[in-house]
Amino acid sequence: MVDGRPAGSPPAAGRGRSHEEDEFGDEESAPRLRLSRRGVVVLSALGAAVLGALAWVVFFSSLLDVRDVAVQGAADEKLTPDQVRAAVGGVADGPLARVDLDGVRRRVEALPRVAKAEVWRGWPHTLQVKVVQRTPAAAVKGDDGQFTQVDAAGVSFATEAAPPAGVPVVELRLSQPAKDVDGVISRGQLVQGAVAVAAGLPPEIAKRAGSVLVHSYDDIELQLSGGATVRWGSPEQTDRKARVLLALMKQKGTNFDVTAPEAPAVSG
């Protein structure tokens, strides 16, 4: 006998279920939220309408129009923020999201004094433009007495009546043999070689280099402040010659020769 029942008899009807069975049964009997096909269509339509409204606000309405072009890196009389804004022009009209950033960058970089430009969106109403100006490595004296500024990459970007302070002046003083081979080595190539020399000078020498005189492709001469001169030779091995000259100038002298950097000389 078990609980008043014969052994092997089935449990009496109506007896309570175990705790695990109660939980399982409750979960099965809980109502489930099911959307009808019509409800799914309605919710999808509402979501599409919200996204469409947001897209219209961002890309087509005047709520997020460009109201300002903020310029960084152009704060002197040579390149002003207004000049940069003028270069941007009508490309920045309308919604900020639709501004062609690459197009703006190309317009700004077309300014002669701009070496590089970065453009990005400053929500909600500002177009941000950052410029890096070209730095003159040399000023090339022309036949008209004007000075054309050239950066280290060899790009000419400005011509003025006087050279910038502290920048070497490149001047062609061609020898007769150099004039005779003008068709082989052009004046433009000679100037490029001299600019490469000026751009490769260490700062402590560049600030003393008043002039870079070009007599021929293989005969470039530096005139330093204080009256010293440097025979440089050709534009080749500029980095090595610059290092040798730095060491050489620790010796007393007024004439330094690095035309052959493996055998430099000092005199005077």
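Residues numbered from 1 in each chain as written. Predicted model: local features only at pLDDT ≥ 70, side-chain atom pairs only at ≥ 80, totals over all residues. Heavy atoms only, no water.

**Topic: the environment of Leu64**
Right, on to step 1. When you line up the elements, Leu64 lands in the loop between helix H2 (37-59) and strand E1 (68-72).
Right, on to step 2. Overall, Leu64 belongs to the buried group, its relative accessible area being 18%.
Right, on to step 3. Along the primary structure Leu64 and Pro95 are separated by 31 residues, whereas in three dimensions their C-alpha atoms are 5.4 Å apart. (Helix = DSSP H or I, 4+ residues; strand = E, 2+ residues; numbered from the N terminus. Buried < 20%, exposed > 50% of the residue type's maximum accessible area, 1.4 Å probe, protein only.)

**Re the sheet that holds strand E11 (residues 255-257)**
Right, on to step 1. A sheet is described by the order of its strands in space; here 9 strands give the open sequence E6-E5-E4-E7-E8-E9-E10-E11-E12, paired in mixed fashion. Strand pairing shows two members of the sheet lacking a second neighbour, strand E6 (156-160) and strand E12 (265-267), which therefore form its edges. Recorded for the sheet is a direction-independent mean angle of 25° between the axes of neighbouring strands.
Right, on to step 2. As paired strands, strand E10 (residues 229-233) and E11 are joined by 3 bridges and run parallel to one another. Bridge assignment links Thr229 to a residue of E11, and that residue is Asn255.
Right, on to step 3. The strands touched by helix H8 (residues 238-248) are E10, E11 and E12; relative to E10, the strand with the most contacts, the crossing angle is about 155°. (Pairing = 2+ DSSP bridges. Axes fitted to C-alpha atoms, helices over the stretch in contact; angles between N-to-C directions. Contact = heavy atoms within 4.5 Å.)

**Details of unusual backbone geometry**
Right, on to step 1. With an omega of 10°, the peptide bond between Trp123 and Pro124 qualifies as cis.
Right, on to step 2. At Gln237, a residue that is not glycine, the phi angle is positive and equals roughly 60°.
Right, on to step 3. If you trace the backbone, Gln237 turns up in the loop between E10 and H8.
Right, on to step 4. On the basis of relative accessibility, which here comes to 43%, the residue Gln237 falls in the partly exposed class.

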